[in-house]
Amino acid sequence: MLAVLIVSCAGSKQRVTKKHLDRQLNENIYVNMFNGILIFDPISGDTLYQKNARKYFTPASNTKIFTLYAGLKYLPEKMPALEYIHWQDTLYFSGTADPSQLHPQFNDSTVIKFLQQQNSLVLVPRPSMDEPWAPGWAWEDYDSYYSPDRHSLPLYGNVAKMWYSDSLRVIPKVFKDDLDTSTGREKRLQDKNTFFYPLGSADTLLVPYKTSDSLTLRLLEQAVGKKIGIAAKFPVAEKKKLFSIPTDSIYKEMMIESDNFLAEQLLLAASLTVGDTLNSDKLRTKLLEEELAELRDPPRWVDGSGLSRYNLFTPESMVRILHRMYREVPRERLLNWFPAGGVSGTLEDWFGSDNAPYIYAKTGSLGNNFCLSGYLITRSGKVLIFSYMNNHFNTPSSEVKISMQAVLSYIRDTY
């Protein structure tokens, strides 16, 4: 009798929830847009609410949730920084897409210190099936800080930093002679590393530089302080690996700050577990066909960051991957990677609470799109998994977020 009553009460609560949320999700703000939501209880296995949960949406940076899972499955606890062979008196080395080297956030110099200890150095450029940009990236973003090139041996985050302090400064210093002080709409020429910093500006500019193997060689020579040769291939011998910082620190920065560069490099690095050539498409295909073959709505997944509008994911697929991580990763470690509502990263100004954060989730923002997927902690202490995706709105994103807050806070208070 008690079991029947419990089931009856649970069913009644879900009916009330559905009625309430149906009303909220039919407000005027939603009339001329497309939205979908799935809220799931991982303990009971119940779907608490769903709307358009199996429809495809442009996920924007929610794509990074899948990139995070790829890293967890294929990368070790520390980031592979180099592959190398000592041959006679020379170190032959190749990049493994580690994004941390001389990156301003991590300031890691594992590679530089290692190379400084060697007598003679030869760089072997890594073959790649990936272009510097992924399919569907907006070409006019080439000089925007959030869209650096992808590369096998990135340095400084593949971004040049320019500022004025008694004189015009730039990091990396190799670009000192490439600075133009005239005023223009662009911050860099599209096809070459000529940068624009107007005299009198007080801004600090972060501008992606155009990568190449020859530029990597120059940057390394300057950082290491010695000449470096270049070769088409390694000698025939067993390769060794050099490791740098914990991958967890990269996951956290990627997720909390929604760092596109880190996401792209993580996928490239993970692809080297399935071959010697950088090939993120091969890695994505392997993950979807093997680890994630259970997905009922296989995504169209073309990059690591979500910059591409070619990406298509469903709320159900997002919830399934989040559920997998919830089962496989200790809770404290898992939530540490996600922005906390009202506290950190891309959620610092949204989804806050008077007490502890109740939302730990990844945002996804592109023009006219805003998505949020992650974990919701209710007042009773339950952890729920959700994906809430909004596409094609023509109102300020702040209005959409306010409506989302009403929905998610209702779930928090109800369960």
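Higher on the page you've got the structure.
The text that follows walks through the structure, step by step, so that each part is easy to find. Counting restarts for each chain: residues are numbered from 1 in the order of the written sequence. Local features in a predicted model are, by the rule used here, given only for residues with pLDDT of at least 70; side-chain atom pairs are given and counted only at 80 or more, and totals for whole chains, interfaces and linings are based on all residues. Side-chain metrics in this entry use all non-hydrogen atoms of the structure; hydrogen atoms and water are not considered.

1. A word on the overall build of the protein
Helix and strand assignments come from DSSP, with helices taken as H or I runs of at least 4 residues and strands as E runs of at least 2, each series counted from the N terminus. A tally of regular secondary structure across the protein gives 10 helices and 15 strands. What the globule rule says is 2.2 Å times the number of residues to the power 0.38, and the radius of gyration is computed from C-alpha atoms. Taking 22 Å as the expected radius of gyration for a compact globule of 415 residues, we find that the protein reaches 24 Å, a close match to that expectation. Each principal axis of the C-alpha distribution contributes one length, and for the protein these read about 80 × 55 × 35 Å. Contact definition: two residues touch when any of their heavy atoms are within 4.5 Å. Here the analysis covers contacts within the protein between residues at least 6 apart in sequence; of these, 67% occur between residues at least 24 apart. For the area figures, the Shrake-Rupley method with a 1.4 Å probe applies, and any residue is considered shielded solely by the protein chains shown. As displayed, the protein offers around 19,000 Å² of accessible surface, 49% of which is attributable to carbon and sulfur atoms. Charge assignment in this entry is limited to Lys and Arg as positive and Asp and Glu as negative, and neither His nor the chain termini are counted. In this description, the location of a charge corresponds to atom NZ of lysine, CZ of arginine, CG of aspartate or CD of glutamate. Across the protein, the mean location of the 47 positive side-chain charges is 4 Å away from that of the 46 negative side-chain charges.

2. Points about the side chain of arginine 324
With respect to the secondary-structure elements, arginine 324 resides in helix α8 (residues 315-328). Each residue is placed in one exposure class: buried if its accessible area under a 1.4 Å probe, protein chains only, is under 20% of its type's maximum, exposed if it is over 50%, and partly exposed if it falls in between. Of the residues examined, arginine 324 reaches a relative accessible area of 11% and is grouped as buried. Side chain to side chain, arginine 324 and tyrosine 69 meet in a polar contact 2.7 Å long. When near neighbours in sequence (up to four residues on either side) are disregarded, arginine 324 contacts Tyr69, Glu291, Leu292 and Glu294. Distance and chemistry together define a polar contact, namely a pair of N or O atoms within 3.5 Å, with one atom able to donate a hydrogen and the other to accept it when in protein, and with adjacent residues in sequence counting only for side-chain atoms on both sides.

3. Here we look at the pattern of salt bridges
Counted as salt bridges are all cases of a side-chain nitrogen of Lys or Arg within 4 Å of a carboxyl oxygen of Asp or Glu. Scanning the model with the defined rule gives 21 salt bridges in all. Lysine 382 is the partner of aspartate 41 in a salt bridge, and the nearest nitrogen-oxygen pair spans 3.6 Å. Taken as a pair, aspartate 41 in the loop between β1 (34-40) and β2 (47-51) and lysine 382 in the loop between β14 (369-377) and β15 (383-391) lie far apart in primary sequence, 341 residues in all. Accessibility expressed as a relative area gives 5% for aspartate 41, which makes it buried.

4. Here's the deal with the packing of helix α2 (residues 63-74) against helix α5 (residues 247-256)
Contact geometry for α2 and α5: axes closest at 10 Å, N-to-C directions at 175°. By the criterion of interaxial angle, the relationship of α2 to α5 is roughly antiparallel. Mapping the contact onto sequence places Lys64, Ile65, Thr67, Leu68, Gly71 and Leu72 in α2 and Tyr251, Met254 and Met255 in α5. When grouped by side-chain class, the residues that make up the contact of α2 with α5 number 6 nonpolar, 2 polar and 1 charged. Where helices are involved, their axes are fitted lines through C-alpha atoms of the stretch in contact, as for all axes, and angles between N-to-C directions lie from 0 to 180°. The scheme is simple: roughly parallel for angles under 35 degrees, roughly antiparallel for over 145, roughly perpendicular for 65 to 115, oblique for anything else. Polar here means any residue other than Ala, Val, Leu, Ile, Met, Phe, Trp, Tyr, Cys and Pro, which are nonpolar, and Asp, Glu, Lys and Arg, which are charged; Gly is therefore polar.

5. A short note on the pairing of strand β6 (residues 159-164)
Only when DSSP finds a minimum of two bridges between them are two strands counted as paired. Across 4 bridges, the pairing between β6 and strand β10 (residues 205-208) is antiparallel. Pairing of valine 159 across the sheet is with proline 208, part of β10. With 4 bridges connecting them, β6 and strand β7 (residues 168-171) associate as antiparallel partners. Within the sheet, the bridge partner assigned to methionine 162 lies in β7 and is valine 170. Hairpin connection between β6 and β7: a loop of 3 residues separates the two successive antiparallel strands, and aspartate 166 in this loop has a positive phi of roughly 65°.

6. Remarks on the nonpolar core
What is meant by a nonpolar core is a set of buried Ala, Val, Leu, Ile, Met, Phe, Trp, Tyr and Cys residues, joined one to another through side-chain atoms within 4.5 Å. Counting residues in each nonpolar core, the largest one holds 51 residues, and the members touching the most others are Phe66, Met325, Phe338 and Tyr375. A total of 8 residues in this core trace back to one element, the largest contributor, which is helix α6 (residues 260-271). Ile112, Leu115, Leu155 and Leu242 belong to the second-largest nonpolar core, a separate cluster that totals 33 residues.

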